[in-house]
Structure formats: C-alpha cells, structure tokens
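# A structural walkthrough
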Amino acid sequence: MIKHDIVIIGAGLAGMRAALEACENHDVAIVTKIYPTRSHSGAAQGGVAAALANLAEDDSPDFHMFDTVKGSDFLGDQDAIEIMVNDAPHVIREMEHFGCVFSRDEKGRIAQRAFGGHSKPRSCYAADRTGHALLHSLYEQILKVSKKLTIYSEYYLRDLVINDFTCNGAIIQDIKTGKIEVLNSKAVLMATGGYGRAFQITSNAFACSGDGLIAAMNNGVPLMDMEFVQFHPTGLYGQGILVSEAARGEGGYLVNGKGERFMETYASKMMELAPRDIVSRSEQTEINEGRGIDGKDFVHLDMRHLGREKILEKLPQVRQLGIDFIGVDMIDAPIPIQPTAHYSMGGIPCDVHGQVIRDKDSSPVRGLFAAGECACVSVHGANRLGTNSLLEAVVFGKRAGASLNEFALNTNRVEISDENHALERTNKLTKELREMNGKESINVVRNEMKNSMTNDCGVYRNPEKMGRCLNKIKDLQKRFKDCSLGDKGSLFNTDFFEAIELKNMLDFSEIILVGAIERKESRGGHARTDYEKRDDVNWLKHTLATKSADGEIKLDYKPVSITKHQPEERKY
Amino acid sequence: MKTVVVTIDRFDQENQRGSYQQDFTIEIPNGLTVLDCLNKIKWEQDHTLTYRMSCRSAICGSCAFRINGKSKLGCKTQADDVITNGKLRIGPIGNTDIIKDLVVDLEPFWYKLKKVKPWLFANKPKDTTKEFYQSSEGYHKIEDASTCILCACCISECNSLKVDKNYVGPAALAKAQRFIDDSRDKNFVQRTREISEPTKVWDCTHCGECSERCPTDAKPLSRIEEIRERVVNAGVHNNGGARHLLSFFKSVGSSGTLDERKIPIESVGIGNLHANLGEIMPVGLKMLSHGKAPSMIHHNVDKVGEVRKIFKKLNKL
Amino acid sequence: MKYALYTGCVAKGAGKELYTATFLVAEKLGIELVEMTDAACCGAGVIHEGNPFLADVVNARTFASAEEQGLDIMTICGTCQGVLVKTLKKLTSDDAYKKKVNAELAEIKKEFKGTVKVKGLTEIILQDYGLDKLKEKVVNPLKGVKSAPFYGCYTLRPSENSYLENPDNPDELEKLIKALGAEPVDYPERLACCGFPILMMNKKNSLTMGGNAINGAKNAGADCLVTPCPLCFLSFDSYQFEMEKYTSGNFGLPVLHTPQLIGLALGIDSKHMRMNTHITTVESLLEKTTS
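Since the structure is predicted, the reported quantities are computational estimates derived from the model, not experimental observations.

This part is about the overall build of chain C. Secondary structure assignment for chain C yields 14 helices and eight strands. What you see for chain C is a C-alpha radius of gyration of 19 Å, in line with the 19 Å of a compact globule of 291 residues. Overall, the C-alpha framework of chain C stretches about 55 × 45 × 35 Å when taken along its three principal axes. Within the span of chain C, comprising 291 residues, buried residues form 68% of the whole. Across chain C, contacts joining residues at least 24 apart in sequence account for 76% of those joining residues at least 6 apart. With an accessible surface of roughly 10,200 Å², chain C has 49% of that area assigned to carbon and sulfur atoms.

Written out as structure tokens, the structure is:
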C-alpha cells in the first residue's frame, strides 16, 4: 500500500491545474494511463474563452454568462456558470503568467477571435493549438514543483476505494509491469476526461474511454446527464478527426452539394458561428435530405477565401491535418467534413467546489472530487460552447485543487483496513479477463458498439433506433464475456487494458441510451425526431443515473440552478 | 485494396524471445495511416503486438516509430507514402531501451527535459488583472519551439546521443530555446550559462536528423542554432564551442577564409593551451610530417576589403 | 561546361589534395573551371550560428561574384554546398530579405540578382555530365575495389535542400562508384555524421562517431571510404589514428575525396592527386587499383 495525501487521477488540464494548487501543503500523486503531455486536453485547438475584452472592449463576464446559459439550452447550472465566467479572465491571465504561449494582438495582449455561440470575440488562442499550449505550460509548472509531486505515468485506474460514501484511495495498475497498487489517500480527484470513444466517428483519443466514470459508478456514484454528447460540426470526413471551430471563427464557410452556404436556412444571423448542436443538426439535415457533396454523407468547409497568409498564421495545424489525413490543402480546396462525437457534457456530478455528489439533494461523497470533462458541474448543460471546455478544465481544476487542499488540511487519512476487500472487484475482473477464452473477438464487439452508437445514437435520435441500440449494447455486454484475451502476459499488456476500456465503454453507452430514451424532448446535443421541441415543463432537469447491485440502471432527476436567466427560445 | 507485408521489429523479454522480426500480411484500402495498419494487425492477427497510441491526430506524441528505418509519427504517416514494393517496416525508435515491441523506455527523455528547467521564471509580479505584454515578434520567436509535442522522434536518429547517453538531446534543447527567447523570462543570463555547459547546446554535431524527423515546426536544429546565437552574443564564451565560433569570426572577418593553424588553438583556448596541448599536438605533428601543414603565411582572399567591410559593419562579436 | 569553382577553405588549406585532384579530374572530363579567388568562407554553418544575417550577406557576395562572371557555382565540399544552397534558398524565396541583404551589398557595389545556381562536383557529374559519358572516360576500372560511400550530413539534410532523389536512402554515390568499376559497400553509418563539427569541443564524442563509421565500413569489407565532403575527410583521414582511443575495432581504412576515386579510374596518378600526403596510408588501396 502506498500512501499520499491526495491522489489525482488524470493529468490533463484539470488534473494538473488541481495538482499545482494542492501540492503546496500536501503530498500529491498524479496518476495517468499515458504521459501528462499526451492527455487529450492537448488536442483542443481553437481557444479558451475569457471576457478579457482585448478585441471587443464592451465584452464582459455577464455576456459570457448569458451566451453560455443560452448555448447550454438552459440546462447549465447558472450558479456554476457565473463562477466560471467571472474566474475566466483571472485564470487565463494566470496561465499566461505560467508561460503559456498565446498568440498576440497588435498591442501585445492575448489575441482573441470569434467562436460559435459567443456574442463577442472572446476566444483566447495560441494559433490553432490552444489546448496544447495550455497543457504544456501546466506540465512545465508541474515539473517546476516536481519535488512535491509523484507522477505515476502509465498507470491505469482500476477502482476507487469508497466505503459508506467516503473515498480514501484508489486501485491502480502499472501498465509496464502489470503490478496492482493500492493508493491510500485523504482524497481523490477524478480528472479522467470524456467518453467519446464509444462512437465510430469521433474526434476523441483512444484514451477517452470513460474509465473514471465507470470506477465512480461501480462505487455507487451516479452519472449525470450522460445522454448529452456533443457532435462537433467539423470532423474530417471518414474518421472524425477534429478541424477546429476556429476555422469558422476565422471566417470559413460551410457549403452543401448545391454550393450553398446552407447555414443561412438554420441560423441566418450567426450563420456558421451558431452553437455546435445547431450547426451539426443543420449539416445532418442537409446530408439526410440529399444535399451532401455529390449526395454523399459529408459537406464542405471552404476556407479558400481567407487566403494563404491568414491560414498559415491562424490555422497551421488544421491545415496540416487536412493535408496529412485526407490529402486536401485548405488553401486550395474545400475540406470534406461531417459531424463527429466530440465532447461529453455529462459525467460525475459535483458542486462548484469539485465535491462529488451522490443524489438530487447534493449529498457529498466524502473525499471524492471531480473536475474537467469527466465532471458534470454542470456548466455546459445540454450543449457546450466552443472554448468553454478548456476554460472549465482550468477554472474548476483550480477550484478543485483548492478544495482538495482545504479538505486535506482538515482531514486525517483513514487507513484502508481491509486491503483484500478494497481489491476484490479488481482482482475478480483481472481473473475473469485473463481467463477469457471464448469465441468472440474484442475487436468485433468494439466495432459493433461504435457503429451502433454513431448510427443509432448520433445527431438525430428516435425511439426505434435508440431501442435497437440499447438492445445491441446489452447483447454486446454479454458477448464481451465470451471474448478471448490474446495477450496473456503481464508486461505492457495493452490488449488487457483495451479489454477493460471496452467494458467501460459498453457500460457508459448503456447509460447514455437509458437516459436518452427516457428524456422525451429535444435539448442541446440530444435531438429527437419524435419530440422535436424543448420541454421545460417536464425536462428542465438533470438526469442522475445509478447502477444497482443487480446491474439495473435507475434514473433520478435533479433541478437546474436558474439564477439570472429564465429559459427562452434559442435563436441565432 | 492492396496487399502489404509489414515487417515489425519486435521485442519480448517476458517469454525470453528477445529481439525478433515478424512479417504480417494485411489487406488495406487507400487512406490508411501506419498506425491504422498496426491496429489492423493487433486487432485482427496478433493481440500481443504492443505500441503506444492515443490521439491519432498528431498532437499527443505517443506513436513515434521507426518507419522504414526513420522515426515518424504512426498516425501522421499515410501508409501509401511509405510502402514500397508492397513492403513496410516498422520498429521502435532508436537511441532508447526497448520495453516491449515498439514501446521504448522514455524515462531518460523526460529526465533530460527537466534538466533545462523548462518553466517560466516570470519577470514581473503576478497580477491577474492583466497579462504580460509580448509583441507579435516576441511570440514568433518562441512559436516554433512551442509546437513541440515531445514525441521523441528527434532523439531517435540523433548522432550525438548515439555516442553519448548523457547528451540532453534535441527535444530538451528546443525546449530550452523556447524559454531563453521568451520575453517574459527573467533568467536569460543564467539560462545562457547553463545551456553552455557540457552535454548541452555545444554537443550537438549539427547532423540535422532531429529537424528532419520532427513532425512539427519545432525543428530542434534551428532552435539549437538560435541558442548558440544567443549565448555567444550574450558573452558566454568560456567553452570550446563559443571559442571555436569566435575563432571562425576572427579568421573569416580578417582574411575571408579560415586560418586552420589558429582554429584548433583558439578553440582549445589560449589560457587552456598548455593543459590541452596533448589534444591538438598529435594530429598537428602528423600533418607536418605528411606535408599537409598549412602554409606559414595565411593568405587573404582577393578583394578581402569587401569582406572586412561587411564584417566591420555587421559583426557584433 | 564551365563553372565558377568555389574551392572552400579546406581545399586551399589542410586538404590541398582535393584542390589538385579536382583540377586534374575536371581537365580529363573537359569541364572548365574558373576559380573564385575572391570568394569568402561559407561560414560552415558556424558564422551563421553567431550572426545569420552577416553569414547570408557574405554568401550573397559570393553569389553576386559568380553572377558577374555569368557562371554557375561548382562546390567541392559537402558542407559549403549545404550552407550555400540553404542561403540561396532563403534569399530567393523571400524578396524582402533579399532586398535587405542587397542593401548591405550595395555598400561594396555588388548586387545579388538570384540567377546563379550552386551545384556540387558529384551532382554535376551525375546530373549534368552523365555517368554514361563518365564511363567512357574510365581507363582504369576499379575492379574489385570495395568502396564505402559516406554522404555527409550537409549532402543529406535538410532533405528539401538536397539534390539526392531520396535523401533518406540515396544511391547516387553508389551509382558513381559503380560507374568507376568499383563496388559500393553498404554499412550502417553511411548516412551518419562524421563527428567533425564537434571535434574542437568534444573530441571524445566526435572521434567515437568517426570511429564507428570507419569500423562499420571496414567490417563491411571496404577497401576505402569515399566522401564528397572534405570535413568528413579530415575527420576520417587525419584523425583515424586517434579514433582507436575511443572505439575498439578495425582501423587503417584509406579515405578518399570523391574526385580522387574518380581520378584513379580516369588513370590519374595517385601521387599527382597528392594521395601520398594522406595521414592514413592509402597503400593497401593502391595495390588493388594498380594491379
């Protein structure tokens, strides 16, 4: 058993920001199944929102708040959003003070650009690799204080140690050696990222398999608003690799097979810069009605009118992605794009301090905190605005770090008295996986899950498709048990961990579907063809899903915090 | 669809197989990346095949492999670009110890990165009501280095690292440039001194492999050249590299050509000459005895006045 | 064929044999050379590291000089070639920069127009002269001579500046060696660094690199190593006897400048090409080439 004051699972923006905040007074461990700089925060491209008012002098956190609330389709908790937008300018400047390499305006201030759903140009950016710039700056700060930290790189989270809704540790496994370790701590922070990997067309990294969510859920923690998955309008056709919204922020057009800028029909004011849920639905409608390019399932993102110089200065990375992955240079030709599963609005429910809660009354899970994409505070509600994800990670990562610090100062570590008990679930699953010797193939099960989720639980949903998909997932869960593990070794057995990841993905896919089938309205990222309207009378509430001992998903609901802005019709 | 034979350089210590090569035959459609090929093999043929991957969009830096002998990112490399005669070879990156198959030990890589103190020493007090101002020009000085994704492609073929495990290597040096040239950093002087120490900026042999393999704009060799420019212009001259450079300037600036008699002596340093005579004497004597010694008088190039004039105006060293 | 010969510093200093061999070979092939006696050192990348603008102005002066003569430049040093091509590219791809450089040249009444080309001797023979034509001139085919080509970093990298078709796996020197009747030898270090650039700063690392290459070539059965870069030559020839201190293995490998190997095949006397001045004796090779 290894002892630390604080254990942080995940080394992306939220995890490292929290670690930095908490390590002053405590012995902090960061656990990541990859390396910190490999975290998926680094893949965020276009920017991070903050009302610095560098470009639009009349911008303010109040505008940022309203935009975010409206963007969330009024499902965002307004107390949390208010904190986020007010903290935003400070945490972003703080990142700049940490050395983050931001692009600059002509006065030498942080450069800003327009972004979807934001009424003012408030996206602070580092060309089109903002997440990368922020992630590396934080890693540098972590290296600076590394004497106070232990980084467990390439360690996999297997389980949490939670008894009577009190968390005092985590079970992790060294990927290199296969050795399982019990970490005993005063508190654990979940910063494990999103759950987009269950989809065939996705911008997410292989690592985004929702491990943290499932570890929490297996310990009785509910998952909130899981049915809300964001489909980003501009995924590279075929795989869904992200083409930053900054492309449209800088003036890119979306064009259908008839050569029309079709956003005119759907959001005549903001056009291509409407929020993502709306743009993705518009694209999907064009495609469904036969107006894709050559009638196929993609449309064009046309950047040519921006000119070489602007593209090279502002969008060098996405230009390169187009060249490398589909052989199209956006300087010369339009890029084929399609909606791609991108962001997870749902996650582990927590309050504005990062404290994980376990029911609609916000009862805490003592010692367990969450921040970043795996958390659901909820600042994004039913649809996240572009550039608010990096912001959430930094703001709430920092806040969670402060909470951890406070908590650890006032709490003694509770020893894990029964190590065998703590390891029970982990050992059982390990044994099962190692002995798996059935006829099914992990690869086939995974592919069927991904295809099913993209086709039947995508941009537009209907009860037939979702029902079919849920049955499929349940069937795949059974078939998973009849798979075989090809690598029986202990050292760096990625086959073994991919199997666990698949199991996790099947489990959260089920929750996405159960929540989505039940939510009989259309709101943000959840669009149903049988209930096309938002229903504030019955559905202005967060979903809380728990898994009972017999494996059944139970749903409950939690009210939305509405402080300043009453729901209204969303027009852009 | 086409048939490709992928030869993989594998390593398995657990089952005492050690290093071995294995051929896999796969059918692939157009548009697959090398990483896609590996996944196809792992998921459809041999689940024990092991490698790192994550973002598959060339930003996380996990999937550096030797592809046909040279390091590249698997996810960024189109298979069609590297398959020749239906063949493709994939191995672990070089200058590292192998853990399993394509997975290498990166601990020395991370350790060396830390050696250049890659964090900002802010030169103003923290006040979160405003940011540090940095000109667009200042940003562009550090932009290229900031695109580094720490994938370690650059260390794979590095010639200096191959003969000296203590050399910090190109990635760490690129990172160092990013801070040496950051207008917000207050430790410029100390950084220029520390980066001039042995195993750092002057141990690069300028082979260009790092920049050639770099999948981003970080291009370490260019960053190394920038560091050298900064340190010699900052007056950090107490090392062989700087002395060698100054000797070049002196010689070319006065005669238009290199004075081969003086370069070795001045590089070792007049003050250190006595102690280091043994370093340069043997070859000098050999050259003399083979009739290869440079002539006693060092000749100037024709119209040397033009060269001197250029140096007089532009040389700041 | 007529070129402005940019000798580089080494061919006029510690490597006079290269200078001599170049003229002898050019004469045999009917290539006319006009030596650029006013050309300054290219800076070998070192001046560039202290002051890139200064280095570019000095090299632009060289280009302007050749333009005045109306000739393209021939280099006989891989390093000069790499440095000059890099500068030329920079100047011709950026008009504003070219103007800035020309403003300095104006002070010495010169102007870089951008018409000049810079090519290496080997490149010229391969591309402009042609190997078939070269073969016709071979009077002493180097039959059975195993020759290890060593390309040198500046010939290979950055690949975008290289004349080689595939700088990651080139075969141009091999083709040249074959045209001379010799047999190219493949060995792991053929595209590696000779170590010369850090010889003055880190002799151990430098000579270990060099020693590895010599060993690699020797173990592959080479009778000699041939290189288009006189800095690589200096490292391998002059310092070979010291490499044994840093690497164990086989030494005593004759080292040749590319034009020397060509010269042998063209029937030029080795002594005329000053091969007797090499620090590492070439006797073992000459026994093979004259038998």
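Residues and elements named next belong to chain A. Taken as a whole, the second largest pocket holds about 1,400 Å³ of empty space. Taken together, 47 residues make up the lining of the second largest pocket; nearest its centre are Asn-218, Arg-425, Lys-428, Lys-503 and Lys-547. Counting residues per element, the lining of the second largest pocket draws most heavily on helix H12 (residues 419-435), at nine residues. A per-class count over the lining of the second largest pocket returns 18 nonpolar, 12 polar and 17 charged.

Next up on the list: the pattern of salt bridges. All names here are of chain A. Under the counting rule described, the total for this entry stands at 95 salt bridges over all chains. Among the salt bridges present, the one from Glu-272 reaches Arg-261, with a minimum N-O distance of 2.7 Å. Of the two residues, Glu-272 sits in the loop between helix H7 (263-266) and helix H8 (276-288) while Arg-261 sits in the loop between strand S14 (253-255) and H7, which places them 11 residues apart along the sequence. When its relative accessible area of 32% is taken as the criterion, Arg-261 is described as partly exposed. For Lys-503, the salt bridge identified is with Asp-507, shortest N-O distance 3.8 Å.

Quick look at the interface of chain B and chain C now. Opposite the 58 residues of chain B that make contact, chain C presents 63 residues. The largest contributions to the chain B side of the interface with chain C come from Val163(B), Lys292(B) and Ile310(B), which together make up 12% of the buried area. Linking chain B with chain C are eight salt bridges, by the criterion used here. The salt bridge involving Glu107(C) is made with Lys313(B); its shortest N-O contact spans 3.0 Å. One can count 21 residue pairs in polar contact (both at pLDDT 80 or more) joining chain B with chain C. Among the secondary structure elements, those contributing two or more residues to the side of chain B that touches chain C are strand S4 (70-73), helix H6 (159-163), helix H9 (209-213), helix H10 (220-233), helix H11 (240-255), helix H12 (262-268), helix H13 (273-289) and helix H14 (304-314) of chain B. Residues that form the side of chain B that touches chain C fall into these classes: 22 nonpolar, 16 polar and 20 charged.

What follows covers the pairing of strand S2 (residues 6-9) of chain A. Residues and elements named next belong to chain A. Taking every second residue as pointing to the same face, both faces of S2 are buried, with Ile-6 and Ile-8 on one and Val-7 and Ile-9 on the other. As paired strands, S2 and strand S3 (residues 28-32) are joined by four bridges and run parallel to one another. Among the inter-strand pairings, Ile-6 is bridged to a residue of S3, identified as Val-28. This β-α-β element, S2 to helix H1 (residues 13-22) to S3, shows right-handed connectivity. Direction of pairing for S2 relative to strand S11 (residues 187-190): parallel, over a ladder of four bridges.

The next thing to look at is the packing of helix H13 (residues 442-456) of chain A against helix H14 (residues 463-481) of chain A. Residue and element names in this part refer to chain A. Look at H13 against H14: their axes get within 10 Å of each other, and the N-to-C directions meet at 165°. Taken as axis vectors, H13 and H14 run roughly antiparallel relative to one another. The interaxial crossing formed by H13 with H14 has left-handed handedness. Side by side, H13 and H14 meet where Val-444, Val-445, Glu-448, Met-449, Ser-452, Met-453, Asn-455 and Asp-456 of the first sit next to Lys-465, Met-466, Arg-468, Cys-469, Lys-472, Ile-473, Leu-476 and Arg-479 of the second. Looking at the contact of H13 with H14, its residues break down into eight nonpolar, two polar and six charged.

Next up on the list: the nonpolar core. One broad rule of soluble globular proteins: the nonpolar side chains tend to lie buried together. Leu160(A), Met190(A), Ile348(A), Leu368(A), Met453(A) and Phe236(C) are the most contacted members of the largest nonpolar core, which totals 289 residues. The dominant element in this core, judged by the number of residues it contributes, is helix H15 (residues 494-518) of chain A, at 13 residues. Apart from the residues within four sequence positions on either side, Met190(A) is in contact with Ile9(A), Leu157(A), Leu160(A), Gly212(A), Ile348(A), Leu368(A), Phe369(A), Ala370(A), Ala371(A) and Cys374(A). Core analysis: the second largest hydrophobic core is formed by 47 residues, Leu121(C), Tyr129(C), Leu164(C) and Ile268(C) among them.

Time to look at the packing of aromatic side chains. Scanning the model with the defined rule gives 19 aromatic pairs over all chains in all. Ring geometry for Tyr139(A) against Trp110(B): centres 6.0 Å apart, planes inclined by 80°, an arrangement best described as edge-to-face. Within this pair, whereas Tyr139(A) is found in helix H4 (residues 130-144), its partner Trp110(B) is found in helix H3 (residues 107-115), the two belonging to separate chains. By relative accessible area, Trp110(B) is classed as buried at 7%. Aromatic pair Phe369(A) and Phe407(A): ring centres 5.6 Å apart, planes at 75°, arrangement edge-to-face. Separated by 38 residues along the polypeptide, Phe369(A) in strand S19 (residues 364-370) and Phe407(A) in helix H11 (residues 388-409) bring together distant segments of the chain. Aromatic ring contacts, followed pair by pair, group Tyr35(A), Tyr139(A), Phe109(B) and Trp110(B) into a single cluster. Residue placement shows Lys541(A) over the ring face of Tyr557(A); its charged tip is 4.4 Å from the ring centre.

Rules and cut-offs
Residues numbered from 1 in each chain as written. Chains lettered and ligands numbered in written order. Predicted model: local features only at pLDDT ≥ 70, side-chain atom pairs only at ≥ 80, totals over all residues. Heavy atoms only, no water. Helix = DSSP H or I, 4+ residues; strand = E, 2+ residues; numbered from the N terminus. Rg over C-alpha atoms; globule rule 2.2 N^0.38 Å. Buried < 20%, exposed > 50% of the residue type's maximum accessible area, 1.4 Å probe, protein only. Contact = heavy atoms within 4.5 Å. Areas by Shrake-Rupley, 256 points an atom, 1.4 Å probe, with all protein chains shown as cover. 1 Å grid on protein atoms, 1.4 Å probe; cavity = no way out; pocket = protein on both sides within 12 Å on 5 of 7 lines; lining within 4 Å. Points joined across faces, edges and corners; volume = space filled by probe spheres on them. Nonpolar A, V, L, I, M, F, W, Y, C, P; charged D, E, K, R; others polar. Salt bridge = Lys/Arg side-chain N within 4 Å of Asp/Glu carboxyl O. Buried area = accessible area lost by both parts, 1.4 Å probe. Polar contact = N/O pair within 3.5 Å; in protein donor to acceptor, adjacent residues only side chain to side chain. Pairing = 2+ DSSP bridges. Right-handed = clockwise from strand over helix to strand, strands pointing away. Axes fitted to C-alpha atoms, helices over the stretch in contact; angles between N-to-C directions. Parallel < 35°, antiparallel > 145°, perpendicular 65-115°, else oblique. Left-handed = near helix turned anticlockwise from the far one by under 90°. Core = buried A, V, L, I, M, F, W, Y, C linked by side-chain atoms within 4.5 Å. Phe/Tyr/Trp six-rings, centres within 6.5 Å; stacked < 30°, edge-to-face > 60°. Lys NZ or Arg CZ within 6 Å of the ring centre and 35° of its normal.

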